[in-house]
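Commentary on secondary and tertiary structure
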Amino acid sequence: MDNSELRAQLADLHPLSFGWALSCCRGDRIQADDVLQNAYMKILDGRARFGAKSTFKTWLFGLIRNTAREERRRHLLRSAGLLRYQPPETAPLDPERALSKKESCQRIQTALRRLSPRQQEVLHLVFYQDLTIEEAACVMTVSLGSARKHYQRGK
């Protein structure tokens, strides 16, 4: 896949990719922006390469998930004092945006938070990102049977 084709695919999938990054970052928009940018940089500078073993979307979502995990690990190491660099504190969410969320969205989010992390991931991938359970299993790096189990229990 050449660079222009790669950029076009990334641009087409950007809204869905941001939604997935947001989910992987537990709703933190700033962190989701950072994770998505880091994932794009890995692709564009050649550290991550699409091997055509799955669809591009499935591969990209797996990369975003792994990048979010790396960021969480770095954050934990920083907070434990094991890394020197301490980023500045992030600003709180805009109050107007927080107030504008609809009640039904809040109920769904509350219900999703009660689920296990794997159940949350598979439901997000299937319902919000339009992946099949098989594709979600690839993104999550779990077996198809495990993904189906978490999907059924989560629903």
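Preceding this section is the structure that the text describes.
Source: prediction; values computed, not measured.

On to the pattern of salt bridges, then. By the definition in use, this model includes five salt bridges. In this structure, Arg47 and Asp45 form a salt bridge, with 3.0 Å as the shortest nitrogen-oxygen distance. Note on Asp45: relative accessible area 43%, which makes it partly exposed. Between Glu134 and Arg148 there is a salt bridge, and its shortest N-O distance comes to 3.4 Å. A residue pair is termed long-range when its members are at least 10 positions apart, and Glu134 in helix H7 (residues 133-140) and Arg148 in helix H8 (residues 144-154) qualify at 14 residues. Its relative accessible area of 41% is what places Arg148 among the partly exposed residues.

Let's shift gears to the nonpolar core. In this structure, Ile43, Leu60, Phe61, Ile64, Val122 and Leu125 are the most contacted members of the largest nonpolar core, which totals 37 residues. Elements with a minimum of two residues in this core: helix H1 (3-24), helix H2 (29-44), helix H3 (56-79), helix H6 (117-128), H7 and H8. When residues of this core are assigned to their parent elements, the largest contribution, eight residues, is made by H1. Beyond its immediate sequence surroundings of up to four residues, Leu125 is in contact with Trp20, Phe61, Asp130, Leu131, Ala136, Val139 and Met140.

Assignment of secondary structure puts Thr67 in helix H3. Relative accessible area serves as the criterion here: at 1%, Thr67 is assigned to the buried category. Excluding its chain neighbours within four sequence positions, the residues that come into contact with Thr67 are Val35, Asn38, Ala39 and Lys42.

Under the definition given, this model contains five aromatic pairs. Each ring, one from Phe56 and one from Trp59, has its centre 5.5 Å from the other, and the planes form 45°; the classification is tilted. On the criterion of helical spacing, the pair formed by Phe56 and Trp59 is a turn pair, its members being three residues apart in helix H3. With respect to burial, Phe56 and Trp59 carry one shared label: buried. Ring centres of Phe127 and Tyr151 lie 6.0 Å apart, and the angle between their planes is 20°; this geometry places the pair in the stacked category. Of this pair, Phe127 sits in helix H6 while Tyr151 sits in helix H8, and the two are 24 residues apart along the sequence. Judged by its relative accessible area of 49%, Phe127 is partly exposed.

Where H7 contacts H8, the two axes come as close as 9 Å, and the packing angle between them is 110°. Judged by the angle between their axes, H7 and H8 are roughly perpendicular. Here Ile133, Glu134 and Ala137 of H7 come into contact with H8, specifically with Leu144, Ala147, Arg148 and Tyr151. When the residues that make up the contact of H7 with H8 are grouped by side-chain class, the tally is five nonpolar, no polar and two charged.

Let's shift gears to the packing of H1 against H6. Axis separation between H1 and H6 bottoms out at 11 Å; the angle between their running directions is 160°. If you check the angle between H1 and H6, you find them roughly antiparallel. Crossing of H1 over H6 shows right-handed handedness. Of the residues in H6, those touching H1 at Leu16, Gly19, Trp20 and Ser23 are Glu121, His124, Leu125 and Tyr128. Here the residues of the contact of H1 with H6 are counted per class, giving four nonpolar, three polar and one charged.

Definitions and cut-offs
Residues numbered from 1 in each chain as written. Predicted model: local features only at pLDDT ≥ 70, side-chain atom pairs only at ≥ 80, totals over all residues. Heavy atoms only, no water. Salt bridge = Lys/Arg side-chain N within 4 Å of Asp/Glu carboxyl O. Buried < 20%, exposed > 50% of the residue type's maximum accessible area, 1.4 Å probe, protein only. Helix = DSSP H or I, 4+ residues; strand = E, 2+ residues; numbered from the N terminus. Core = buried A, V, L, I, M, F, W, Y, C linked by side-chain atoms within 4.5 Å. Contact = heavy atoms within 4.5 Å. Phe/Tyr/Trp six-rings, centres within 6.5 Å; stacked < 30°, edge-to-face > 60°. Axes fitted to C-alpha atoms, helices over the stretch in contact; angles between N-to-C directions. Parallel < 35°, antiparallel > 145°, perpendicular 65-115°, else oblique. Nonpolar A, V, L, I, M, F, W, Y, C, P; charged D, E, K, R; others polar. Left-handed = near helix turned anticlockwise from the far one by under 90°.

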